[in-house]
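Report on the structure
Here's the letter readout for the chains.
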Amino acid sequence: MKGLLIKEPWISYILNKEKTWEIRSSSTKIRGEIYLIRSGSSQIVGKATLKDSFPLDEEAYIRYKNKHCIRDKSYEELPYKKPHIWVFDNACWLKEPIPYKHKVG
């Protein structure tokens, strides 16, 4: 199964079902269940269904703050020139974390 590295506090927001949109630098064609890996921990801590991916514009960024949970940055401050949304559903914590070793390269 595919996995996605996500930093805190964002991964906890997703797994606690407070955040359903993850902002990334590009779109993805991946759909279905994926593992969520806490960045810097070497652990898979949850899973979610990746349902969709689409470009994010400033209007949607402002209107849907409740979906991406970024409250302290303007659209212009995002670290991506052309941000995209990855839409998650059915997020849940694993009962026990699974060790993860990131491939080099």
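Heads up: the structure comes first, above all this text.
Residues numbered from 1 in each chain as written. Predicted model: local features only at pLDDT ≥ 70, side-chain atom pairs only at ≥ 80, totals over all residues. Heavy atoms only, no water.

1. Quick look at the environment of glutamate 18
What counts here: Helix and strand definitions follow DSSP, with helices as H or I runs of at least four residues and strands as E runs of at least two, each counted in order from the N terminus. Pairs of residues are marked as contacts when any of their non-hydrogen atoms sit within 4.5 Å.
One can find glutamate 18 in the loop between α1 (10–15) and β2 (21–24). For the pair glutamate 18 and lysine 2, spaced 16 residues apart in sequence, the C-alpha separation works out to 22 Å. Apart from the residues lying within four places of it in its own chain, the contact partners of glutamate 18 are Tyr13, Asn66 and Cys69.

2. Points about the pattern of salt bridges
To keep things clear, this is the line we draw: One side-chain nitrogen of Lys or Arg within 4 Å of one carboxyl oxygen of Asp or Glu is enough to make a salt bridge. Only protein chains enter the accessibility calculation, which uses a 1.4 Å probe; a residue whose area is less than 20% of its type maximum is buried, one above 50% is exposed, and one in between is partly exposed.
Going through the model one piece at a time under the given rule, you end up with six salt bridges. Between lysine 47 and glutamate 33 there is a salt bridge whose closest N-O contact spans 4.0 Å. Here glutamate 33 lies in strand β3 (residues 32–38) and lysine 47 lies in strand β4 (residues 43–55), a separation of 14 residues in the sequence. Residue glutamate 33 is classed as partly exposed on the basis of its relative accessible area of 43%. Among the ionic pairs, aspartate 89 bridges to lysine 51, the shortest N-O distance being 3.7 Å. Remark: lysine 51 occurs in strand β4 and aspartate 89 occurs in strand β5 (residues 84–99); sequence separation between them is 38 residues. Taking relative accessible area as the criterion, aspartate 89 reaches 33% and is therefore assigned partly exposed. Judged by its relative accessible area of 48%, lysine 51 is partly exposed.

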